[in-house]
Amino acid sequence: MNIALVIIIVIAIVVAIVSGLNAALNWLLWVALIVAAIALIAFLIRVIGGRNTSV
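Residues numbered from 1 in each chain as written. Predicted model: local features only at pLDDT ≥ 70, side-chain atom pairs only at ≥ 80, totals over all residues. Heavy atoms only, no water.

(A) Structural context of the overall build of the chain. A count of helical and extended segments in the chain gives 2 helices and 0 strands. Across the 55 residues that make up the chain, the buried fraction comes to 11%. When the accessible surface of the chain is summed, it comes to about 4300 Å², and 78% of that surface belongs to carbon and sulfur atoms. (Helix = DSSP H or I, 4+ residues; strand = E, 2+ residues; numbered from the N terminus. Buried < 20%, exposed > 50% of the residue type's maximum accessible area, 1.4 Å probe, protein only. Areas by Shrake-Rupley, 256 points an atom, 1.4 Å probe, with all protein chains shown as cover.)

Now the structure itself:
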């Protein structure tokens, strides 16, 4: 998995937890879910595409 995707997923999880603790920042939960979904789709495209990036 690309390291950038790992970082995006970790940030999305952290934002989801923080927004879950603070109801006033409820919109952050949606941002986190959208970012996590984008990262998951990008990862799946990379896996399904079967492109070998190693030399």
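(B) Molecular detail of helix H2 (residues 26-49). With 24 residues, H2 should reach 34 Å at 1.5 Å per residue; the first-to-last C-alpha distance of 35 Å fits that figure. Listed in full, the buried residues belonging to H2 are Leu28, Ala32 and Ala39. Backbone geometry just downstream of H2 places Gly50 in the positive-phi region, at approximately 65 degrees. (Expected span 1.5 Å × (residues − 1).)

(C) The arrangement of the environment of Trp30 in detail. Locating Trp30 in the fold gives a position in helix H2. Assessed through its relative accessible area of 54%, Trp30 is described here as exposed. Sequence separation of Trp30 and Ala12 is 18 residues, and the distance between their C-alpha atoms is 9.8 Å.

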